[in-house]
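Structural overview for review
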Amino acid sequence: MYVLTYLVFLVLPAGLATFLFWRAYQLGVKHRLDLARQWISRPPDGIEAFARFFVLRDLIFGCGLFLCLVLILTLPRHFSVWIPLMGVFSFVHQGFTGYALQKLKKKQQT
């Protein structure tokens, strides 16, 4: 049971944060714009224009996950607060994506 708890609340968020930092590096530094289409169902044409915006999105979510992990490890008695904080960063991540898709849709309509 302890192994499962460590896996779910420590290893998986650390792995996701590492992946998000890697993807931000690939988008921002290596200019692999095809990654901008990743995890968006039916991505519209031109979404690559928001690659730098997605770099910021991934960095914020990755930093939020690492912040939550540090808080869980340093202040474990407030564990019930840090888990919803991860959820807040997830909504911010989705908000950035929705904003970019909405902005692209407006640009295509005009």
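Up top is the structure these notes are about.
Residues numbered from 1 in each chain as written. Predicted model: local features only at pLDDT ≥ 70, side-chain atom pairs only at ≥ 80, totals over all residues. Heavy atoms only, no water.

1. What to know about unusual backbone geometry
Of note, the phi angle at H31 is positive, near 60°, even though the residue is not glycine. In this structure, H31 sits in the loop between α1 (2–28) and α2 (51–74). For H31, a relative accessible area of 48% puts it in the partly exposed group. (Helix = DSSP H or I, 4+ residues; strand = E, 2+ residues; numbered from the N terminus. Buried < 20%, exposed > 50% of the residue type's maximum accessible area, 1.4 Å probe, protein only.)

2. Looking at the environment of K106
Counting through the fold element by element, K106 comes out in helix α3 (residues 79–109). Judged by its relative accessible area of 55%, K106 falls in the exposed class. A sequence separation of 76 residues divides K106 from K30, and the C-alpha atoms of the two residues are 28 Å apart.

3. Describing α3
Taking 1.5 Å of rise per residue, 31 residues should cover 45 Å, and α3 covers 46 Å from first to last C-alpha, within 8% of that figure. Listed as buried for α3 are W82, M86, F89, H93, F96, T97, A100 and L104. On its buried face, α3 sits against α1 and α2. (Expected span 1.5 Å × (residues − 1). Contact = heavy atoms within 4.5 Å.)

In short, the description is geometric, and any link to function would need to be established separately.
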